[in-house]
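Observations on the three-dimensional arrangement
Spelled out from the first residue to the last, the chains are:
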Amino acid sequence: MKSITQLVKIQITTILLFAIFKFFRANFLASENNFIQVLGLSLPNFFEGFLGVTVLTGIGLFFNQHRKIKTNYIYILALFFTAIYVFTQELKIHNLGGNNVYDRNDMLFSFIGLTIGGLLIFIIKPKITAT
């Protein structure tokens, strides 16, 4: 159970960072530095990919408590479904996340978020043990 607690702490920290970022987003966008502007516009995509992987992993582990599906399969499925959601939203195949505008930087930040989220999951290997 320790690893799932660690995952939740990481998620809470990430959500707090996102909230802080949201608070200062206007400052990012007002900057004349192009990199800062790209960061301000595309960082939500990073958070979406990262949190999507971690949240879907937690949900998958919760529903798998009394089944015998290998945790690695749950990690892979969480990464796969998050990637499908994030990229199809960015490509405007659906609009579940709100009004979206295609931007290659958003795709890059989504990919980075998915990659870091996936690496994190495979490094800490969260588990929920059946009681």
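Parameters at a glance
- Residues numbered from 1 in each chain as written.
- Predicted model: local features only at pLDDT ≥ 70, side-chain atom pairs only at ≥ 80, totals over all residues.
- Heavy atoms only, no water.
- Helix = DSSP H or I, 4+ residues; strand = E, 2+ residues; numbered from the N terminus.
- Buried < 20%, exposed > 50% of the residue type's maximum accessible area, 1.4 Å probe, protein only.
- Contact = heavy atoms within 4.5 Å.
- Areas by Shrake-Rupley, 256 points an atom, 1.4 Å probe, with all protein chains shown as cover.
- Lys, Arg positive; Asp, Glu negative; His and termini not counted.
- Charge placed at Lys NZ, Arg CZ, Asp CG, Glu CD.
- pLDDT = per-residue confidence, 0-100.
- Expected span 1.5 Å × (residues − 1).
- Arc of directions from axis to C-beta.
- Polar contact = N/O pair within 3.5 Å; in protein donor to acceptor, adjacent residues only side chain to side chain.
- Axes fitted to C-alpha atoms, helices over the stretch in contact; angles between N-to-C directions.
- Left-handed = near helix turned anticlockwise from the far one by under 90°.
- Nonpolar A, V, L, I, M, F, W, Y, C, P; charged D, E, K, R; others polar.

Here we come to the overall build of the protein. Within the protein, the secondary structure is distributed over 4 helices and 0 strands. In the protein, the order of α-helices and β-strands from amino to carboxyl end is α-α-α-α. Summarising its shape, the C-alpha atoms of the protein cover approximately 55 × 30 × 20 Å along the three principal directions. Within the protein, buried positions represent 37% of all 131 residues. Of the contacts formed within the protein by residues at least 6 apart in sequence, a portion of 70% connects residues at least 24 apart. About 8,300 Å² of surface is accessible on the protein, with carbon and sulfur atoms providing 70% of the total. With 11 positive and 5 negative side-chain charges, the protein shows a separation of 22 Å between the mean positions of the two kinds.

The next point concerns the confidence of the model for the protein. Taken over all residues, the pLDDT of the protein has a mean of 88, while the share at 70 or more is 95%. The element-level mean pLDDT for the protein is lowest in helix α1 (residues 2–30), coming to 87, with helix α4 (residues 104–124) highest at 95.

The subject of this paragraph is α4. With 21 residues, α4 ought to run about 30 Å at 1.5 Å a step, and its terminal C-alpha atoms sit 30 Å apart, in line with that. Turning to α4, its buried residues number three or more, namely Asp106, Met107, Phe109, Ser110, Gly113, Leu114, Gly117, Gly118, Leu120, Ile121 and Ile124. One face of α4 carries all of its buried residues, which in axial projection span an arc of 165°. With respect to the buried face of α4, the exposed residues turned more than 90 degrees away are Arg104, Leu119 and Ile123. The distance from a side-chain oxygen at the start of α4 to the backbone nitrogen of asparagine 105 is 3.1 Å, and the residue carrying that oxygen is aspartate 103. Positive phi shows up at lysine 125, right after α4, with a value of about 45°.

What follows concerns the packing of helix α2 (residues 34–63) against helix α3 (residues 71–90). Each packed pair of helices is defined by two parameters, the angle between the axes and the distance between the axes. Relative to each other, α2 and α3 sit at 145°, their axes nearing to 8 Å. Note on packing geometry: the crossing formed by α2 with α3 is right-handed. Where α2 abuts α3, its residues Asn45, Glu48, Gly49, Gly52, Val53, Leu56, Thr57, Gly60 and Leu61 lie against Thr71, Ile74, Tyr75, Ala78, Leu79, Phe81, Thr82, Tyr85, Val86, Gln89 and Glu90. A per-class count over the contact of α2 with α3 returns 10 nonpolar, 8 polar and 2 charged.

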